[in-house]
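Spelled out, the chains give:
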Amino acid sequence: MSFITLTTDFGTKDHFVGAVKGAIYSELADAKIVDITHQITPFNITETAYILKNAYRSFPEGTIHIVGVDSELSTDNKHIAIALDNHYFVCPDNGIISMIASEIQPTKIVEINIHDRVESSFPVLDVFVQVACFIARGGNLTVIGKEVRNYKKLTEIQPKVNQAQTQIIGGVLYIDNYGNVISNISRKMFNEVGKGRPFKINASSYTFDKMYNKYNDIVESNTKTSRQFDGNKLTLFNSAGLLEIAVYKSDLTSVGGASTLLGLAYRDAIIIEFFNEYKPEFTPLT
Amino acid sequence: MSFITLTTDFGTKDHFVGAVKGAIYSELADAKIVDITHQITPFNITETAYILKNAYRSFPEGTIHIVGVDSELSTDNKHIAIALDNHYFVCPDNGIISMIASEIQPTKIVEINIHDRVESSFPVLDVFVQVACFIARGGNLTVIGKEVRNYKKLTEIQPKVNQAQTQIIGGVLYIDNYGNVISNISRKMFNEVGKGRPFKINASSYTFDKMYNKYNDIVESNTKTSRQFDGNKLTLFNSAGLLEIAVYKSDLTSVGGASTLLGLAYRDAIIIEFFNEYKPEFTPLT
Amino acid sequence: MSFITLTTDFGTKDHFVGAVKGAIYSELADAKIVDITHQITPFNITETAYILKNAYRSFPEGTIHIVGVDSELSTDNKHIAIALDNHYFVCPDNGIISMIASEIQPTKIVEINIHDRVESSFPVLDVFVQVACFIARGGNLTVIGKEVRNYKKLTEIQPKVNQAQTQIIGGVLYIDNYGNVISNISRKMFNEVGKGRPFKINASSYTFDKMYNKYNDIVESNTKTSRQFDGNKLTLFNSAGLLEIAVYKSDLTSVGGASTLLGLAYRDAIIIEFFNEYKPEFTPLT
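This write-up is about the structure you can find in this document. From a predicted model like this one, the values you see are computed outputs, not experimental measurements. (Residues numbered from 1 in each chain as written. Chains lettered and ligands numbered in written order. Predicted model: local features only at pLDDT ≥ 70, side-chain atom pairs only at ≥ 80, totals over all residues. Heavy atoms only, no water.)

## A word on the packing of helix α1 (residues 16–27) of chain A against helix α4 (residues 123–136) of chain A
Residues and elements named next belong to chain A.
Here is step 1 of the chain: It is at 10 Å that the axes of α1 and α4 come closest, and there the two elements cross at 35 degrees. Here α1 runs over α4; the crossing is right-handed. Counted together, Ala19, Val20, Ala23, Ile24 and Glu27 of α1 and Val124, Leu125, Val129 and Cys133 of α4 form the full contact between these two elements.
Here is step 2 of the chain: The class makeup of the residues in the contact of α1 with α4 is eight nonpolar, no polar and one charged. (Axes fitted to C-alpha atoms, helices over the stretch in contact; angles between N-to-C directions. Helix = DSSP H or I, 4+ residues; strand = E, 2+ residues; numbered from the N terminus. Left-handed = near helix turned anticlockwise from the far one by under 90°. Contact = heavy atoms within 4.5 Å. Nonpolar A, V, L, I, M, F, W, Y, C, P; charged D, E, K, R; others polar.)

Below, the structure written as structure tokens:
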């Protein structure tokens, strides 16, 4: 049995997703196809990289992940197949893989050459499905195309650290379904740079100086009800290991979430300052 | 083969749903995972209870239903596993189960104690998946945690009847995809209180005195086309057995639905009056 | 193993889709159920016909396609089951099938008569699931109902050609997830009428005189980056074989797509003129 996942910007209304699934089942009737998402903002590589990185690891080893975001072939945008961390990725070479590959080295990358025969405005259907099914049947990557060493890297996803090691200058990577604001600053970097020092997180005009373990930790243990904390802002490292600014029990469709309440959008700055010698007067939490 | 369903407020864009499915397949490669919905309004327990109640019954006996809505652990919000009506539910103890359990007595409820080992901001992935897969492999609920007698109940979902038995005071429970307004008044209560008497339903500034069997019954049999009835308001008991105010061939994105045309929202009052001795002058249907 | 697809206007929030899937699995535990879409605009037959036509062909032969759009039974709206192109369709007789059947003759159409026993406001759950599972188990269509010769046809989806064979008068059939505008003019008709002559496509106040093979063909080969072409308008035949007006790297949520930028909506005119004797001065592309 083969697992094949789909991560695309196709949306769920058009015929695209159905057509791709039908084509996979026509080749491999017993495949297990799993949607990671089809709601990627059209052509948004950073979103894709973030979502894919945090979903793929849960799947069984050997799973084949098809990525259909900005996937039309051009001289600028090759198609590649990658073996990495005992998973396979069939995708355009546009940076999608770089958040995963920055931590785990690919074991093999090949440039798909099946296009010599296929001219297509729908390469996920016409090319990626064939490649994924070929891999699922045990085919070797080197038959799909010639091995290459490099893949395209996203640079905007890397936060910077100043020379004095007192600041991490990061940014907003993603806004999730609850309006929670996810930064590109990892727990690992926070610990390595911060070394346990007191800190102040600056985002929009708000500051934070405390890190929670989970959302409910904002609810004080001596209270009878958690309702009075609804709408409170907090910072924590989320399940992806990244610094997140959240609003307790947020809902973008009614009370709003961190993104709307703090006015934060994709790529806005999030800066952490660390303090060495004295604990400064913190701006009180609101 | 095990059936596992998912009902969450995760949305379908983030990595959450993909991660949960991957984790289930990693434990149980031949599981059948079915999405009930991931579009619950964040943290809305009533919506969840309504949708879950009307979906679970269709599934084969033994199906395990994972519910991920307001599921973070707190002293206020335990995690429970329930056996009920030959189905299993793995969910927070926040009232989600109370619409089902108000009609069918649970056979067993246990408080999940696996958390002693897991500190998590993503308990569906880190706790519920493990519990569901344990049940799917035939594991006994009592191994998961200690048996408890009670579960949290939603009170707002119960309509009231006045002492004279001439009024049912209910409210809006849910607005569906077509803008149809679903009340908390069941056909059973309507029949038991009404006993066949004439009635008037009051909702917003509109009244209704007729109950249809299905939407198309509004189309009169001597007409050639149904088009002229598009946009007409009607009341019927829907497939969930609840009083519904509908607009014939409604579409929230263009002509509007009952919710927008009548100005009805979640929790607004819907009142049925029954008449004993004389048939009153009804407000004419519009 | 049986493949059953679902194409509905149910949306993905309500209990409808979950209930239908549960009912299928209760009858056929090893069925493979695939969502084509649940996002059809409520009651929109043309959209359904377009999406279904372009998705069904990818599926394995013998797949059963359930269509739940405007499916409530009435004297106006029978329920039918169709064998066509080695696929099965279980649907209302409201024109949904006519885009497929206009090219490929159905081998059998029967009018479902199971309703004699079922009064339902949710016929997909109460009728279509039973019919689909009956077919999946090898049941014969003639047991489901009496054979009929005709099915309802959509007329609006057919473009016209003028007598002089110099014009195709078509219209907008569908707007896709990227805002691309899909017409009802096929490559086949374009070739048969145009016979290689120069042409001008008129849509809203814009004109086009070039046909691309794929989106990236708009990027000139001597440029280093494709970014400068973002937002350019182009025409091509899409993967469904229909004339499409697209905007390169469009996104309806930010920069806009062809539909918003050109102000084109469902049913707006798209007209192609062909030129015989002299190449006219084209309006320059913008």
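Okay, back to it.
## Brief notes about the relation of the copies chain C and chain B
Here is step 1 of the chain: Note on the copies: chain C fits chain B at an RMSD of 0.0 Å, the axial shift is 0.0 Å, and the rotation between them is 120 degrees. Considering both components of the superposition, the chain copies are consistent with a three-fold axis.
Here is step 2 of the chain: Little of the interface of chain C is mirrored in chain B, where only 6% of its interface residues are also at the interface. (Least-squares fit on C-alpha atoms with pLDDT ≥ 70 in both.)

## Regarding the interface of chain C and chain B
For an interface, size is often stated in terms of accessible area lost upon the parts coming together.
Here is step 1 of the chain: Facing the 32 residues of chain C at the interface are 36 residues of chain B.
Here is step 2 of the chain: When chain C packs against chain B, the two sides together hide about 2700 Å² of surface, and 53% of this comes from carbon and sulfur.
Here is step 3 of the chain: Of all residues in chain C, the largest losses of buried area upon contact with chain B belong to Lys13, His15 and Glu72 of chain C, amounting jointly to 24% of the total for that side.
Here is step 4 of the chain: For the pair chain C and chain B, the interface holds two salt bridges.
Here is step 5 of the chain: As a salt-bridge pair, Asp70 of chain C and Lys249 of chain B come within 3.4 Å of each other at their nearest N and O atoms.
Here is step 6 of the chain: Joining chain C to chain B, the criterion identifies 17 residue pairs in polar contact (both at pLDDT 80 or more).
Here is step 7 of the chain: For the side of chain C that touches chain B, the leading source of residues is helix α1 (residues 16–27) of chain C, giving eight residues.
Here is step 8 of the chain: Split into classes, the residues belonging to the side of chain C that touches chain B amount to twelve nonpolar, ten polar and ten charged. (Buried area = accessible area lost by both parts, 1.4 Å probe. Salt bridge = Lys/Arg side-chain N within 4 Å of Asp/Glu carboxyl O. Polar contact = N/O pair within 3.5 Å; in protein donor to acceptor, adjacent residues only side chain to side chain.)

## Let's talk about the sheet that holds strand β6 (residues 108–112) of chain A
Either a parallel or an antiparallel arrangement is found when strands of a sheet pair, and the pairing is made through backbone hydrogen bonds.
Residues and elements named next belong to chain A.
Here is step 1 of the chain: Strands sit in the order β2-β1-β3-β5-β4-β6-β7 across an open sheet of seven strands; the sheet is mixed. The open sheet has two edge strands, β2 (32–37) and β7 (145–147), and neither has a second partner. Between one strand and the next, the sheet's axes are offset by a mean angle of 20 degrees, whatever the strand orientation.
Here is step 2 of the chain: As defined by bridge partners, strand β4 (residues 79–84) adjoins β6 across four bridges and the pair is classed as antiparallel. Pairing of Ala83 across the sheet is with Lys108, part of β6. (Pairing = 2+ DSSP bridges.)

## Observations regarding the interface of chain C and chain A
Here is step 1 of the chain: Taken together, the 36 residues of chain C in the interface contact 32 residues of chain A.
Here is step 2 of the chain: Approximately 2700 Å² of surface area, both sides summed, lies buried where chain C meets chain A, with 53% of it carried by carbon and sulfur atoms.
Here is step 3 of the chain: The three residues of chain C that bury the most area against chain A are Ser58, Tyr178 and Lys214 of chain C, which together make up 19% of that side's buried surface.
Here is step 4 of the chain: Taken together, the connections running from chain C to chain A amount to two salt bridges.
Here is step 5 of the chain: At the junction of chain C with chain A, the criterion picks out 17 residue pairs in polar contact (both at pLDDT 80 or more).
Here is step 6 of the chain: When contributions to the side of chain C that touches chain A are tallied by element, the ones reaching two or more residues are β2 (32–37), α2 (45–56) and β9 (167–175) of chain C.
Here is step 7 of the chain: Grouping the constituent residues of the side of chain C that touches chain A by class yields 14 nonpolar, 13 polar and nine charged.

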